[in-house]
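Remarks on the overall topology
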Amino acid sequence: MPVFEEINGKTGIFALLGCPIEHTVSPQLHNSLSHMLGINAVYVPLKIERGRLGDAVRGLKACGFSGFNITIPYKEEVLEFVDETGEEVKAIGSANTIVNRNGRLYAYNTDGEGFARAFETFTGTGFKGRTAAIIGAGGTARALAVTLSYRGISKLYIINRTYQRALEIADLVNLKRPGTAVASNLSDLAPNKDGDIFTGGCDIIINATSLGMYPVIDKSPVEDSSFFKAGQIVCDIIYNPAKTKFLKQAEERGCRIMNGMGMLFYQGILAYEKWMDIKIPDDIINSLSTEFLKYLDK
Ligand code: NAP
């Protein structure tokens, strides 16, 4: 048997920190990228028990890890342990990507940008001058709201079961772009109601709640399909199942639909580019995207 020499004294080490971690597909994505690009690096998932995140981050820094991803439930808490956070991460209040540059840890959040890249790739268009509704006001909805507002969305509706959380995100957006965001309560939405945002004709509608995610796949945040109008672009950030009830409702009404697989893919691509300080060539992205999306769909 030949000597296994792929991992050696010069291998860059990257990790994913979270809990639970068993179902992650990030190692498959990042290790495939390193293989395709011929980069000597390895990416490993690390399950970190609650209360141990600080120890873990200090440990990775001491061991000279080149960077790492952070997932549930540590995206907010990790900001306590990094050295540098930019304006966007401060606004979002959470990070999913950390880069170790000469012993200093820099925090980034590639979720919103990953969604934007997926959206642009899928539709061939962006957000400038358009209207959007985000359903949900959790951590990921917040990242999407900040990204869309930075990218010139003209009007943004934040709709959530807990109104206060929607209001917090709307206030955050309006601080930078006064008058752009409006908060609504999910229970106040009714089809064909005068002034309803959906009948008012939002260009883009995004489900950023966890409703409809495996295993409870018969749920949708929108009860009545007549909220959707033909021609709207309707996105779900859930990727399991590939077609949520929310997306099925929208498709039946003649909307273009996009699931969360592209976002998952591109947030990883963007993290990798930050770690390696490279721009991944389009042909590599295209060929990996085809394989990875097939892999997720299995
Ligand atoms: P989170 O912070 O826990 O937020 C969950 C959101 O869902 C909140 O707005 C919550 O409303 C709402 N919600 C939950 N149960 C609900 C119900 N029964 N009725 C109405 N609203 C409900 O979660 P997150 O981290 O933002 O993640 C949200 C989803 O995005 C998850 O499904 C996650 O897997 C997915 N995600 C996908 C990607 C990707 O790359 N595609 C990346 C990150 C996250 P309240 O505020 O009222 O509780």
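Structure: see above.
Residues numbered from 1 in each chain as written. Predicted model: local features only at pLDDT ≥ 70, side-chain atom pairs only at ≥ 80, totals over all residues. Heavy atoms only, no water.

**A look at helix α7 (residues 245-252)**
Stated precisely, the cut-off is as follows: Relative accessible area decides the class of each residue, using a 1.4 Å probe on protein chains only: under 20% of the type maximum gives buried, over 50% gives exposed, and in between gives partly exposed. The helix and strand labels rest on DSSP assignments: H or I over at least four residues marks a helix, E over at least two residues marks a strand, and numbering proceeds from the N terminus. Arc definition: it is the arc formed by the directions from the helix axis to the C-beta atoms. Only heavy atoms enter the contact rule, under which two residues are in contact if any of them lie within 4.5 Å.
Of all the positions in α7, only Phe246, Leu247, Gln249 and Ala250 are classed as buried. One side of α7 carries all its buried residues, which in axial view fall inside an arc of 160°. Tucked inside the fold, the buried residues of α7 contact β7 (131-135), β10 (204-207), β11 (233-236) and β12 (256-258). Just past α7, the residue Gly254 takes up positive phi, approximately 90°.

**Overview of a nonpolar patch on the surface**
Put simply, the rule reads: For patches, a residue must show more than 30% relative accessible area and have no salt bridge; joins then use 9 Å for like charges and 5 Å for nonpolar side chains, namely Val, Leu, Ile, Met, Phe, Trp and Tyr. With residues, only the protein chains shown are counted as cover, and all accessible areas are computed by Shrake-Rupley using a 1.4 Å probe. Each salt bridge in this description consists of a side-chain nitrogen of Lys or Arg and a carboxyl oxygen of Asp or Glu lying within 4 Å of one another.
Taken together, the side chains of Met213, Tyr214 and Ile217 present a nonpolar region at the surface, about 330 Å² in accessible area. Secondary-structure assignment places Met213 in the loop between β10 and β11.

**A short note on the environment of Asp277**
Relative to the helices and strands, Asp277 is located in the loop between α8 (261-276) and α9 (282-297). Considering only alpha carbons, one finds Asp277 and Val99, 178 residues apart in sequence, at a separation of 9.9 Å.

**Focus on the site of the ligand**
Quick reminder of the rule: The rule for a residue being near a molecule or strand is that one of its heavy atoms must lie within 4 Å of it. For the purposes of these results, a polar contact is taken to be a pair of N or O atoms within 3.5 Å, where, inside protein, one atom must be able to donate a hydrogen and its partner to accept one; residues adjacent in sequence count only when each atom of the pair is a side-chain atom.
Surrounding the ligand, one finds 21 residues, the nearest of these being Ala137, Asn160, Thr162, Arg165 and Ile237. In this structure, an oxygen atom belonging to the ligand sits 2.5 Å away from a side-chain N or O atom of Thr162. Gly260 is positioned such that a nitrogen or oxygen atom in its backbone is 3.0 Å from a nitrogen atom of the ligand. Elements with a minimum of two residues in the shell around the ligand: α5 (139-150) and α8.

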